Amino acid sequence: MSQRRKLAAGNWKMNGLSADLAKLRQLIDTYPNPGCEVLVCPPATLLDRVRALTADKTIALGGQDCHFAVNGAHTGDISARMLADAGAEYIILGHSERRTAYGETDALVKSKSSAAIAAGLVAVICVGETLEQRKGGGTLEVIGEQIIGSVPEGASEDAIVIAYEPIWAIGTGRTPTLAQIAEVHDFIRAQLRMRDDGFAADGVRLLYGGSVKPSNAEEIFGVSNVDGALVGGASLDPTDFGAIVSALEAAA
Ligand code: PEP
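From a predicted model like this one, the values you see are computed outputs, not experimental measurements.

A.B. asks: Explain helix H10 (residues 238–251) to me, using residue names and the numbers behind them.
C.D. replies: Over its 14 residues, H10 extends 20 Å from the first C-alpha to the last, a length consistent with the 20 Å expected when each residue adds 1.5 Å. With a side-chain oxygen lying 2.8 Å from the backbone nitrogen of threonine 239, the N-terminal cap of H10 falls on aspartate 237.

Below is the structure:
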């Protein structure tokens, strides 16, 4: 039986002001002792205050991006060490919004991931195909290349999480079929097993992301090699995110 701890991760993206901390308080009060790991990735401006709210660490805290350098002349950037210093334990890297809007390559995602791991963070590395790539039958090839290009060599199984996020499913309300999710997750597991990196491929958690909501969470969490979800829009609503956490607890 798998020992992988299920993970429900919320990506707030560029959303969240001080007033929104009350929503997080609601989530914490509803899940004082969650039966799966719960991760919230607010904007960097709220990290300190979210850490204060989650000081008992029942809810984990993460950043949404970092620079690959430790410090230096990089105006506007944040290093992994700074995020760790602010209380983060995780970081989302290679999200398709950054790959698309900022031209982030696999090589850049790999260097950021290495920096994050060196800073003691768990890197949640995102991969996923466009609709054109899926329609053209290239999904597995694209995912395979992203895994090879983005996941740093020598990372321990505890230091990385891989999120499969089909780009066409993010924020659209559309989701792949369960068979399509299973195909990609099984493929990612097989790709990890083929790497001779010294990590235990079966220990790496694989998240599905893309329009996860209370109404589809249970069936998605029943899919093979799905160890949780990376949730965007629904993570902003404590009731919806709470329902997703409950579905994952039931699956755990
Ligand atoms: C995401 O952006 O990582 C995501 C999964 O978004 P949504 O849940 O809104 O589709």
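A.B. asks: With reference to specific residues and values, describe the side chain of threonine 139.
C.D. replies: Tracing the backbone shows threonine 139 in helix H7 (residues 139–150). Not counting the four nearest positions on each side in its chain, threonine 139 is found in contact with Glu129, Gln133, Arg134, Tyr164 and Val184.

A.B. asks: Any chance you could break down the site of the ligand for me, citing the residues and the numbers?
C.D. replies: In the vicinity of the ligand lie 15 residues, with Lys13, His95, Glu165, Gly171 and Ser211 positioned nearest. Contact between the ligand and glycine 171: an oxygen atom at 2.7 Å from a main-chain N or O atom of the residue. Taking serine 211, its main chain carries an N or O atom lying 2.7 Å from an oxygen atom of the ligand. When the ligand sits alone it has 290 Å² of accessible area, and the protein chains cover 95% of it. Looking at side-chain class alone, the shell around the ligand contains four nonpolar, eight polar and three charged residues.

Conventions we followed
- Residues numbered from 1 in each chain as written.
- Predicted model: local features only at pLDDT ≥ 70, side-chain atom pairs only at ≥ 80, totals over all residues.
- Heavy atoms only, no water.
- Helix = DSSP H or I, 4+ residues; strand = E, 2+ residues; numbered from the N terminus.
- Expected span 1.5 Å × (residues − 1).
- Polar contact = N/O pair within 3.5 Å; in protein donor to acceptor, adjacent residues only side chain to side chain.
- Contact = heavy atoms within 4.5 Å.
- Near = heavy atom within 4 Å.
- Areas by Shrake-Rupley, 256 points an atom, 1.4 Å probe, with all protein chains shown as cover.
- Nonpolar A, V, L, I, M, F, W, Y, C, P; charged D, E, K, R; others polar.

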